[in-house]
Amino acid sequence: MKSLACACLFFLAIHVVISGSGVRGVLVRRLGEPVCLAGFSLLSIGGLAWIIVAYAGARAAANVWWAAPAWPRWPASPLMLVAIGFVVIGLTTPSPTAAGGGARLSRPDAARGILRISRHPFLWGVALWAATHLLLNGDSASLWLFATMLAVALLGPPLIDAKRRRAFGADWPRFAARTSSLPFAAVLRGRNALRLEEIGAWRLLLSLAAFAFVVAGHRWLFGVSPLPLGW
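Predicted, not measured: the structure shown is a model, and the values here were computed from it.

Here we come to the overall build of the protein chain. Of regular secondary structure, the protein chain possesses nine helices and zero strands. Each helix and strand of the protein chain, ordered N terminal to C terminal, gives the series α-α-α-α-α-α-α-α-α. Whereas a compact globule of 231 residues would reach a radius of gyration of roughly 17 Å, the protein chain reaches 19 Å, a difference of no more than 12%. Along the longest, intermediate and shortest principal axes, the C-alpha atoms of the protein chain span 50 × 45 × 25 Å. Within the protein chain, buried positions represent 40% of all 231 residues. Counting only contacts in the protein chain whose residues sit at least 6 apart along the sequence, the fraction spanning at least 24 positions is 75%. Across the protein chain, the mean location of the 22 positive side-chain charges is 5 Å away from that of the 7 negative side-chain charges.

Even without a glycine there, the phi angle at phenylalanine 184 is positive, about 75°. With respect to the helices and strands, the residue phenylalanine 184 is situated in the loop between α7 (171–178) and α8 (185–188). You can call phenylalanine 184 partly exposed: its relative accessible area is 36%.

Think of a pair of aromatic rings as described by two things: how far the centres are apart, and how the planes are tilted against each other in angle. Under the defined criterion, the tally for this structure stands at four aromatic pairs. Note on tyrosine 55 and phenylalanine 146: the rings are 6.4 Å apart at their centroids and 70° apart in plane angle, and the pair reads as edge-to-face. Within this pair, whereas tyrosine 55 is found in helix α3 (residues 33–58), its partner phenylalanine 146 is found in helix α6 (residues 140–168), the two being separated by 91 residues in sequence. The same class applies to tyrosine 55 and to phenylalanine 146, which are both buried.

Before going further, it helps to examine the nonpolar core. Leu4, Phe11, Ile51, Tyr55, Ala141, Leu145 and Met149 are the most contacted members of the largest nonpolar core, which totals 22 residues. Of all elements in the fold, only α1 (2–19), α3, α5 (121–136) and α6 reach the threshold of two or more residues within this core. No other element matches α6, which puts seven residues into this core. Contacts of isoleucine 51, omitting those with residues within four sequence positions, involve Leu4, Ala7, Cys8, Phe11, Leu145 and Met149.

Moving on, we come to the packing of α5 against α6. The geometry of α5 relative to α6 is characterised by a closest axis approach of 8 Å and an angle of 155° between their N-to-C directions. As judged from the angle between their axes, α5 and α6 are roughly antiparallel. In the packing of α5 onto α6, the handedness of the crossing is left-handed. Residues Leu123, Trp124, Val126, Ala127, Trp129, Ala130, Ala131, His133 and Leu134 of α5 form the contact with α6, whose participating residues are Ser142, Leu143, Phe146, Ala147, Met149, Leu150, Ala153, Leu154, Gly156, Pro157 and Ile160. Class assignment for the residues of the contact of α5 with α6 results in 17 nonpolar, three polar and no charged.

Turning to the pattern of salt bridges, a few remarks are in order. Within this structure, the stated rule accounts for five salt bridges. A salt bridge links aspartate 161 to arginine 119, with the shortest nitrogen-to-oxygen separation between them at 3.0 Å. Note that aspartate 161 is positioned in helix α6 and arginine 119 in the loop between α4 (73–92) and α5, a separation of 42 residues in sequence. Judged on exposure class, the residue aspartate 161 and its partner arginine 119 are both buried. When salt bridges that share partners are traced, they join Arg112, Arg116 and Glu198 into one network.

Glancing now at the environment of alanine 70. Assignment of secondary structure puts alanine 70 in the loop between α3 and α4. For alanine 70, a relative accessible area of 57% corresponds to the exposed category.

On to the side chain of arginine 116. Mapping arginine 116 onto the fold places it in the loop between α4 and α5. Exposure remark for arginine 116: the relative accessible area of 14% places this residue in the buried category. A polar side-chain atom of arginine 116 sits 2.5 Å from a polar atom in the side chain of asparagine 192. Here arginine 116 is in contact with Ala111, Val187, Asn192, Ala193, Arg195 and Glu198, once residues within four sequence places are set aside.

As a further point, take a nonpolar patch on the surface. Side chains of Phe184, Leu188, Leu194 and Leu196 sit close together on the surface and give an oily, nonpolar patch of about 410 Å² of accessible area. Checked against the element boundaries, leucine 188 lands in helix α8.

The rules we used
- Residues numbered from 1 in each chain as written.
- Predicted model: local features only at pLDDT ≥ 70, side-chain atom pairs only at ≥ 80, totals over all residues.
- Heavy atoms only, no water.
- Helix = DSSP H or I, 4+ residues; strand = E, 2+ residues; numbered from the N terminus.
- Rg over C-alpha atoms; globule rule 2.2 N^0.38 Å.
- Buried < 20%, exposed > 50% of the residue type's maximum accessible area, 1.4 Å probe, protein only.
- Contact = heavy atoms within 4.5 Å.
- Lys, Arg positive; Asp, Glu negative; His and termini not counted.
- Charge placed at Lys NZ, Arg CZ, Asp CG, Glu CD.
- Phe/Tyr/Trp six-rings, centres within 6.5 Å; stacked < 30°, edge-to-face > 60°.
- Core = buried A, V, L, I, M, F, W, Y, C linked by side-chain atoms within 4.5 Å.
- Axes fitted to C-alpha atoms, helices over the stretch in contact; angles between N-to-C directions.
- Parallel < 35°, antiparallel > 145°, perpendicular 65-115°, else oblique.
- Left-handed = near helix turned anticlockwise from the far one by under 90°.
- Nonpolar A, V, L, I, M, F, W, Y, C, P; charged D, E, K, R; others polar.
- Salt bridge = Lys/Arg side-chain N within 4 Å of Asp/Glu carboxyl O.
- Polar contact = N/O pair within 3.5 Å; in protein donor to acceptor, adjacent residues only side chain to side chain.
- Patch = residues over 30% accessible without salt bridge, like charges linked within 9 Å, V, L, I, M, F, W, Y side chains within 5 Å.
- Areas by Shrake-Rupley, 256 points an atom, 1.4 Å probe, with all protein chains shown as cover.

Written out as structure tokens, the structure reads:
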């Protein structure tokens, strides 16, 4: 469990301290953007691999803090479909909030597709995935894993927005005014309009395929079916 705790704290620290603070600006000025981006990517991949390995080793000895009730398993599958959709569509949609995407801020179509719903779809997908799994898993290993991912996902949007605001000046407020971090907030407030056709049918199909893969492989990978009746 100590290895998992250290891995989770490391992963959280590199996203908050290195990526989400003024430390990143100092490193970029000294080393350059490409070197910093490559270094951070390697640290993130290494940290995630450490978490996965440590989690697999900690589950057998984990303390169980609560037994999840049966009813959350019914909404879990549709919530995971939404979460995977946000992750897949967010990763495949060019965005000014992504690394190297700042040039898109000046484009008139910068806030389109899934970005009309949220300018941070990937992180909200991760947050929904983590929160749902926290509810369904009451052991200490799962608490470390999913609480860490939830924290990173929820801290990410304000940290990213602050970095983009500092980096892009007047271009950022125009984009931020047409979008929202919280899903659907800009649409509900009339600052944007929902255009599902802009997402693209191929992204929706890819999301469904990813969801089907997760459902089919979940029992083999994690030893438990994600479906309510264990099918």
